[in-house]
Amino acid sequence: MKRTLKYIVLALVVGVSLYGSVYFEPLDEFKKAQNNSVFNAKTLATDFLSNKTQALPAINASEFLTAITENVKEYCLAKGKKLGISDEYNFIIDGNATVLAIEEENVLLSLDENSAQQIRIATDFIFGNAIRDASAIADIGDFQNTMDFNTLSVELNNTVRETIVLPFKKQVKEGDKLYFKGALKVNAKHPKLEELKVIPLLIKFNN
């Protein structure tokens with residue numbers, strides 16, 4: 001009898017200990033935590049464009065055009081960023097410029113450091129991975145799947161289109177002086193340097 005009572009007491013002690021070590025969480029709180037941990041490309045894109053572009057390292061636009069004109073492949077290998085084995089290299093450039101013309105899909109700029117150098121700000125077709133890859137905002141190895149990685153590019157482009165390009169198109173006019181910082185892509189095999197377009201990340205008017 002004493003032995004039986006001893007086993008019962010021991011079982012109760014073990015049961016109480018195990019119960020204390022178990023954590024019970026309300027189902028709605030568990031679901032909320034799961035949702036919060038889900039990758040949110042729009043939030044990341046918005047935070048980057050709102051808080052990170054000012055300090056983002058950039059190559060002076062005039063120096064970029066001079067160097068890449070001299071030797072495209074060598075400069076791309078030395079300064080560009082790319083994903084995988086692609087021939088497309090991405091850069092972040094910046095500079096002061098004067099608006100020469102408002103085109104249908106772009107704004108043509110003349111660089112203040114060298115007025116003979118021209119480059120375009122894209123104002124229509126904002127697509128591709130130039131922002132994501134040039135800024136190094138994310139590494140593909142940090143993502144569980146390529147869909148999230150590609151979605152980030154889509155949201156970066158959408159946010160640029162809505163928060164930077166649209167206000168810029170409404171305000172810009174010929175003769176304006178401005179500072180710009182943006183991303184662009186160069187194909188080392190087929191560079192087409194005369195067609196380079198910058199996707200703007202930051203535009204400040206200096207009028």
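Located above this text is the structure these notes cover.
Draft legend 1. Region of the structure containing the overall build of the chain. Looking only at helices and strands, one finds seven helices and six strands in the chain. Starting at the N terminus and ending at the C terminus, the chain contains elements arranged as α-α-α-β-α-α-β-β-β-α-α-β-β. By the burial criterion, 37% of the 207 residues in the chain qualify as buried. Here the contacts in the chain between residues at least 6 apart in sequence split such that 69% fall between residues at least 24 apart. With an accessible surface of roughly 12900 Å², the chain has 55% of that area assigned to carbon and sulfur atoms.

Draft legend 2. Region of interest: the pattern of salt bridges. The tally for this structure, following the rule as stated, stands at five salt bridges. The salt bridge partner of Lys185 is Glu88, with a shortest N-O separation of 4.0 Å. Of the two residues, Lys185 is situated in strand 5 (residues 177–187) and Glu88 in strand 2 (residues 88–102); the sequence distance between them amounts to 97 residues. Note on Lys185: relative accessible area 29%, which makes it partly exposed.

Draft legend 3. Inspection of the environment of Ala97 at higher detail. Summarising the element assignment, Ala97 is placed in strand 2. By relative accessible area, which is 0% here, Ala97 ends up buried. Through-space distance from the C-alpha of Ala97 to that of Asp112 is 4.9 Å; in sequence the pair is 15 residues apart. Those residues within four positions of Ala97 in sequence are excluded, and the remaining contacts are Leu109, Ser110, Leu111, Asp112, Asp176, Lys177, Leu178 and Phe180.

Draft legend 4. Structural view of the packing of helix 4 (residues 61–70) against helix 5 (residues 72–79). Their axes nearest at 5 Å, the elements helix 4 and helix 5 cross at an angle of 125°. On the basis of the axis angle, helix 4 is oblique to helix 5. Contacts from Phe64, Ala67, Ile68 and Glu70 of helix 4 reach helix 5 at Val72, Tyr75 and Cys76. Among the residues forming the contact of helix 4 with helix 5, the class breakdown is six nonpolar, no polar and one charged.

Draft legend 5. Focus on the environment of Ala130. Position of Ala130 among the secondary structure elements: in helix 6 (residues 130–135). As a C-alpha pair, Ala130 and Val186 span 56 residues in sequence and 9.4 Å in three-dimensional space. Apart from the residues within four sequence positions on either side, Ala130 is in contact with Asn90, Ser135, Ala183, Leu184, Lys185 and Ile199.

Draft legend 6. Focus on the packing of aromatic side chains. For the structure on display, the rule yields four aromatic pairs. Taking 5.8 Å as the distance between ring centres and 15° as the angle between the ring planes, the aromatic pair formed by Tyr75 and Phe91 counts as stacked. Pair noted here: Tyr75 is in helix 5 and Phe91 is in strand 2, with a separation of 16 residues, a long-range link. Considered together, Tyr75 and Phe91 belong to a single accessibility category, that of buried residues. An aromatic cluster is present here, built from Phe64, Tyr75 and Phe91 joined pairwise through their rings. In this structure, Arg132 is placed above the aromatic ring of Phe149, and the distance from its NZ or CZ to the ring centre is 3.7 Å.

Draft legend 7. The nonpolar core, seen in detail. Counting residues in each nonpolar core, the largest one holds 48 residues, and the members touching the most others are Phe64, Phe91 and Phe180. Top contributing element to this core by residue count: helix 7 (residues 146–171), with seven residues. In this view, Phe64 contacts Ile59, Tyr75, Phe91, Ile93, Leu184, Val186 and Leu196; residues no more than four positions away in its chain are not counted.

Definitions and cut-offs
- Residues numbered from 1 in each chain as written.
- Predicted model: local features only at pLDDT ≥ 70, side-chain atom pairs only at ≥ 80, totals over all residues.
- Heavy atoms only, no water.
- Helix = DSSP H or I, 4+ residues; strand = E, 2+ residues; numbered from the N terminus.
- Buried < 20%, exposed > 50% of the residue type's maximum accessible area, 1.4 Å probe, protein only.
- Contact = heavy atoms within 4.5 Å.
- Areas by Shrake-Rupley, 256 points an atom, 1.4 Å probe, with all protein chains shown as cover.
- Salt bridge = Lys/Arg side-chain N within 4 Å of Asp/Glu carboxyl O.
- Axes fitted to C-alpha atoms, helices over the stretch in contact; angles between N-to-C directions.
- Parallel < 35°, antiparallel > 145°, perpendicular 65-115°, else oblique.
- Nonpolar A, V, L, I, M, F, W, Y, C, P; charged D, E, K, R; others polar.
- Phe/Tyr/Trp six-rings, centres within 6.5 Å; stacked < 30°, edge-to-face > 60°.
- Lys NZ or Arg CZ within 6 Å of the ring centre and 35° of its normal.
- Core = buried A, V, L, I, M, F, W, Y, C linked by side-chain atoms within 4.5 Å.

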